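So the chains spell out like this:
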Amino acid sequence: MNGQRDIITAFSDMAPRYEQLMDHELNRFWGLDYAAFLDKALRDFKPLSNDLILDIATGTGFIPGYLIKSRKPFSKIIGLDITFDMLVHARQRAREIDDQDRVLLVCASAHAMPFRKSSFDRAICCLATHHMDVPALLNNIHQTLKSGGHVTVADAGGSSRWKNLIIKSFIKAGAFLYFLIVENPSRAVAESSAIANIRTSEEWHELFNDCQFTRFHLRQLKSRRFYAPDPVIIEAQK
């Protein structure tokens, strides 16, 4: 629970400048802004016009806005986030661009989603799994997806070197110092604690397999910095 409080505190503080911050950080480490990263992450995301989509850790609602602006067909998208302040900004975005009221927002944890089983056709979770209990998250996604439903996960991926205790400790300390200097203590704690949740391709495959997903496919992009984890994009089916 303490970790969850750190995350809520950090992201509440970030909410008014979240998208500018993501543009800056993604450009610095991966050489992509937020929209360009989504172009790659959602390259094979092809919803149908009657699809109900779940966007987990929606933040300021950038992904629902991206899908609408990209003219992707869907019926409705539910944006779920644990941070209420983020959803305040997401609501404003939805009012500005969603003239059909297709964006709905829910403040709740991805570890305890308030949805019925087999509710969604597709689920998305971008740049958030490193802050989560991934096995619990994937089990919840599996339960909320309809049979044959698709999930797309995009986040930082680790290499086998990250499993070395000395290297992991060094990266964790570096992340803490970096975010303490450029941000604040709550962000430093949240991001350094997240290092333990950055997984290798093999670990991702095992996690999805354990949760009984099929058609697992992982793409790995190249980081701009040698010390930064490479982005991974994962697609799977229930």
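Residues numbered from 1 in each chain as written. Predicted model: local features only at pLDDT ≥ 70, side-chain atom pairs only at ≥ 80, totals over all residues. Heavy atoms only, no water.

**Q** Looking at this structure, I do not really get helix H8 (residues 185-194). What am I missing?
**A** For the α-helix, the turn length of 3.6 residues means that residues three or four positions removed from each other point alike. Within H8, seven of the ten residues are buried, which leaves the element mostly enclosed by the surrounding structure. Inspection of H8 places Ser186, Arg187, Ala188, Ala190, Glu191, Ser192 and Ala194 among the buried residues, and these make up the whole buried set. (Buried < 20%, exposed > 50% of the residue type's maximum accessible area, 1.4 Å probe, protein only. Helix = DSSP H or I, 4+ residues; strand = E, 2+ residues; numbered from the N terminus.)

**Q** Can you help me understand the nonpolar core in this one?
**A** Membership of the largest hydrophobic core comes to 42 residues, with the highest contact counts inside it found for Tyr34, Phe37, Leu38, Leu67 and Ile124. Secondary-structure elements contributing two or more residues to this core are helix H1 (2-14), helix H2 (18-30), helix H3 (34-41), helix H4 (62-69), helix H5 (84-97), strand E4 (120-126), strand E5 (145-157) and helix H7 (165-182). Contacts of Ile124, omitting those with residues within four sequence positions, involve Leu42, Phe45, Ile53, Leu54, Asp55, Ile56, Ile63, Leu67 and Thr152. Grouped together as the second largest cluster of nonpolar side chains are 27 residues, Leu54, Ile78, Ala110 and Val153 included. (Core = buried A, V, L, I, M, F, W, Y, C linked by side-chain atoms within 4.5 Å. Contact = heavy atoms within 4.5 Å.)

**Q** Would you mind going over the pattern of salt bridges with me for this structure?
**A** Where side chains of opposite charge bring their charged atoms close, a pairing between them can arise. The tally for this structure, following the rule as stated, stands at eight salt bridges. In this structure, the salt-bridge partner of Lys146 is Asp121, at a minimum N-O distance of 3.4 Å. Taken together, the positions of Lys146 in strand E5 and Asp121 in strand E4 put the pair 25 residues apart, joining distant regions of the chain. One salt bridge in this structure joins Glu235 and Arg219, with 3.8 Å as the shortest N-O distance. Placement of Glu235 in strand E7 (residues 230-237) and of Arg219 in strand E6 (residues 214-220) is noted, with a sequence separation of 16 residues between them. For Glu235, a relative accessible area of 14% gives the class buried. In this structure Arg219 comes out as buried when scored by relative accessible area, which is 12%. (Salt bridge = Lys/Arg side-chain N within 4 Å of Asp/Glu carboxyl O.)

**Q** How should I be thinking about the layout of surface pockets in this particular structure?
**A** Of the pockets and cavities examined, the second largest pocket occupies roughly 210 Å³. What lines the second largest pocket is Asp44, Phe45, Lys46, Arg122, His150, Val151, Thr152, Arg215, His217, Glu235, Ala236 and Gln237. When contributions to the lining of the second largest pocket are tallied by element, the ones reaching two or more residues are E5, E6 and E7. Looking at the lining of the second largest pocket, its residues break down into three nonpolar, four polar and five charged. (1 Å grid on protein atoms, 1.4 Å probe; cavity = no way out; pocket = protein on both sides within 12 Å on 5 of 7 lines; lining within 4 Å. Points joined across faces, edges and corners; volume = space filled by probe spheres on them. Nonpolar A, V, L, I, M, F, W, Y, C, P; charged D, E, K, R; others polar.)

Function-wise, these values are silent; they only describe arrangement.
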